[in-house]
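Notes for the structure review
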Amino acid sequence: MKQFNVIDSATIKLGMRFSAPVFFDDGKHMFLAEGKSVKRYHLVAINRWKIPSFLTYGHVLDPLAVTQHEVSQSAVPQPVVQPAAVQSADDVEEAEPVE
């Protein structure tokens, strides 16, 4: 059976990502999903709740590899969508609301 890796909460830094979900020290309740980065509010929660450690089956992902992947994904050109032109104020009043 695979063993959890114990992560000392003092080692968790802003922007860290893990290769598997991170659980609270009870091993049942998830703290952070796989591949999601640690945000400021996560660090606030760790300090407020005085969480000593976390558990994961994974490991810390290389921040450079993740950053390079994000950069390559964001470099893909996105099509530009032009809004429909409004002819007059009457067109605005008659337009159906967007849901």
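Notes on the structure follow.

Calculation criteria
Residues numbered from 1 in each chain as written. Predicted model: local features only at pLDDT ≥ 70, side-chain atom pairs only at ≥ 80, totals over all residues. Heavy atoms only, no water. Helix = DSSP H or I, 4+ residues; strand = E, 2+ residues; numbered from the N terminus. Buried < 20%, exposed > 50% of the residue type's maximum accessible area, 1.4 Å probe, protein only. Contact = heavy atoms within 4.5 Å. Areas by Shrake-Rupley, 256 points an atom, 1.4 Å probe, with all protein chains shown as cover. Core = buried A, V, L, I, M, F, W, Y, C linked by side-chain atoms within 4.5 Å. Pairing = 2+ DSSP bridges. Phe/Tyr/Trp six-rings, centres within 6.5 Å; stacked < 30°, edge-to-face > 60°.

This part covers the overall build of the protein chain. Along the protein chain, the regular secondary structure elements total three helices and four strands. When each of the 99 residues of the protein chain is scored for burial, the buried share is 23%. The long-range fraction of contacts in the protein chain, counting pairs at least 24 apart against all pairs at least 6 apart in sequence, stands at 64%. Carbon and sulfur atoms make up 58% of the accessible area of the protein chain, which amounts to about 8000 Å² in all.

Moving on to the side chain of S53. Of note, S53 is situated in strand β4 (residues 53–56). With near-sequence residues (within four places) excluded, S53 lies in contact with V6, I7, D8, S9, F24 and D25.

I7, I12, M16, F18, V22, F24, F31, L32, V38, I46, I51 and F54 form the largest nonpolar core, which has 12 residues in total. Put simply, the parts of the chain that give this core at least two residues each are β2 (22–24) and β3 (30–32). I51 has contacts with S9, F24, A45 and I46, leaving out every residue within four places of it along the chain.

With that out of the way, let us pick up the pairing of β4. Burial along β4 is two-sided: S53 and L55 and F54 and T56, pointing in opposite directions, are all buried. Bridging between strand β1 (residues 5–8) and β4 involves four bridges; their strand directions are antiparallel. Across the sheet, N5 pairs through a bridge with T56, a residue of β4. Pairing geometry for β2 and β4, over three bridges, is antiparallel. Following the sheet pairing, F24 is matched in β4 by F54.

Let's shift gears to the packing of aromatic side chains. Taken as a whole and judged by the stated rule, the model has six aromatic pairs. Between the aromatic rings of F4 and Y57, the centroid separation amounts to 4.3 Å while the plane-to-plane angle is 15 degrees, which identifies the pairing as stacked. Here Y57 lies in the loop between β4 and α2 (63–74) and F4 lies in the segment before β1, a separation of 53 residues in the sequence. Judged by relative accessible area, which is 33%, Y57 ranks as partly exposed. The interplanar angle of 45 degrees and the centroid separation of 5.9 Å between the aromatic rings of F24 and F54 together place this pair among those described as tilted. Pair noted here: F24 is in strand β2 and F54 is in strand β4, with a separation of 30 residues, a long-range link. The two residues F24 and F54 agree in class, both being buried.

Its location among the elements puts P63 in helix α2. A sequence separation of 26 residues divides P63 from S37, and the C-alpha atoms of the two residues are 9.8 Å apart.

So far we have only geometry, and geometry alone does not tell us how the molecule works.
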